[in-house]
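Listed below, chain by chain, are the residues.
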Amino acid sequence: MGIAENIKMIQQEIKAAQSRSPHAADDVLLLAVSKTRDVEMIREAMAAGLQDFGENKVQEWMGKYEALPQVNWHLIGHLQTNKVKYLIGKTKLIHSLDSVPLAAEIEKRSLQAQVETDVLVQVNIAEEDSKSGLLVPELSAFLDKMADFPHVKVKGLMTIGPNVTDTGQIRPVFAELRRLFLQEKARALPHCQWLYLSMGMSYDYSIAVEEGANIVRVGSSIFGPRLYL
Ligand SMILES: *Cc1c(COP(=O)(O)O)cnc(C)c1O
């Protein structure tokens, strides 16, 4: 199947997941993860109606940005502090804020450029060593601290599901992120805006939608298998 057919199928599956769950969001953004894909493939997905694309490596993304500056670009991978300067003013949303030094660097560069930078805070719910993100007990204090960085705009939370085939282990992780989202939203910190819950990838996006995701990050189900991660 081609990219356009894949997208149509995923959109139907998202709708089906929405209709079978009381927790589902009304609007779910299908974010196409275009890492390792070339500009032609991105154009094909754009022709099929997608406007939001996610990349995980700043270096790789920069060339694509040059070719397609009109895209809503999302940075979804772990972000090194020394790469922040390359993306300020060019991203719709950074999904992977995971440390105070990173927030401080985004603040500094955003202030210099006189822009605000929208971010999600990444939470490592499954506490897998291989994943970045804050641990659950660290989240509230971290969000309090974000008051010090007025150009860093927290818009919600992101997580990566556990890398397991047993969906019974995936659902509680997504349910926990929804619980944290609602808990933090209820604190009503004036410097945070609770808009986005980013969770779910190719193999688990329908579970994520059932558990309340309103951004799903889908790569291989749109573009086909990747040669590397
Ligand atoms: C690669 C990646 C995805 C998409 O993975 P697929 O399995 O190809 O859908 C989603 N989120 C993050 C953070 C990724 O790095």
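For the structure, see preceding data.
Residues numbered from 1 in each chain as written. Predicted model: local features only at pLDDT ≥ 70, side-chain atom pairs only at ≥ 80, totals over all residues. Heavy atoms only, no water.

Chemist: Help me out: how do you make sense of the environment of His-74 in this one?
Modeler: Of note, His-74 is situated in strand S3 (residues 72-75). Judged by its relative accessible area of 2%, His-74 is buried. Along the backbone, His-74 and Asp-118 are 44 residues apart, and their C-alpha atoms lie at a distance of 10.0 Å. A polar side-chain atom of His-74 sits 2.7 Å from a polar atom in the side chain of Asp-52. (Helix = DSSP H or I, 4+ residues; strand = E, 2+ residues; numbered from the N terminus. Buried < 20%, exposed > 50% of the residue type's maximum accessible area, 1.4 Å probe, protein only. Polar contact = N/O pair within 3.5 Å; in protein donor to acceptor, adjacent residues only side chain to side chain.)

Chemist: It is not clear to me how the pattern of salt bridges should be interpreted in this structure. Could you clarify?
Modeler: Charged atoms that come close allow side chains of opposite charge to pair. Per the counting criterion, the structure on display carries 17 salt bridges. A salt bridge links Glu-210 to Arg-20, with the nearest nitrogen and oxygen atoms 2.5 Å apart. Linking Glu-210 in helix H8 (residues 205-210) with Arg-20 in helix H1 (residues 3-20), this pair joins segments that are 190 residues apart in sequence. A relative accessible area of 12% places Glu-210 in the buried class. Note that Glu-116 and Lys-153 form a salt bridge whose closest N and O atoms lie 3.9 Å from each other. Taken together, the positions of Glu-116 in the loop between helix H5 (100-113) and strand S5 (117-122) and Lys-153 in strand S6 (residues 152-158) put the pair 37 residues apart, joining distant regions of the chain. (Salt bridge = Lys/Arg side-chain N within 4 Å of Asp/Glu carboxyl O.)

Chemist: Mind showing me how you'd approach the packing of aromatic side chains here?
Modeler: Geometry of an aromatic ring pair is reported as the spacing of the ring centres plus the angle between the planes. One pass over the full model with this rule turns up 3 aromatic pairs. When the centroid spacing of 6.3 Å and the interplanar angle of 55° are considered together, the rings of Phe-53 and Trp-73 count as tilted. One end of the pair, Phe-53, is in strand S2 (residues 52-55); the other, Trp-73, is in strand S3, and 20 residues separate them in sequence. What makes Trp-73 buried here is its relative accessible area of 1%. Measuring from ring centre to ring centre gives 5.4 Å for Phe-181 and Trp-194, while their planes differ by 85°; the resulting arrangement is edge-to-face. Here Phe-181, found in helix H7 (residues 167-187), pairs with Trp-194, found in strand S7 (residues 192-198); they are 13 residues apart in sequence, far enough to count as distant. (Phe/Tyr/Trp six-rings, centres within 6.5 Å; stacked < 30°, edge-to-face > 60°.)

Chemist: Mind showing me how you'd approach the environment of Glu-55 here?
Modeler: One can find Glu-55 in strand S2. Given a relative accessible area of 0%, Glu-55 falls into the buried group. Residues Glu-55 and Trp-73 lie 18 residues apart in sequence; the distance between their C-alpha atoms is 7.6 Å. Contacts of Glu-55, omitting those with residues within four sequence positions, involve Ser-34, Lys-35, Ile-42, Glu-60, Trp-61, Lys-64, Trp-73, His-74, Leu-75, Ile-76 and Gly-77. (Contact = heavy atoms within 4.5 Å.)

The values are spatial; any link to function lies outside them.
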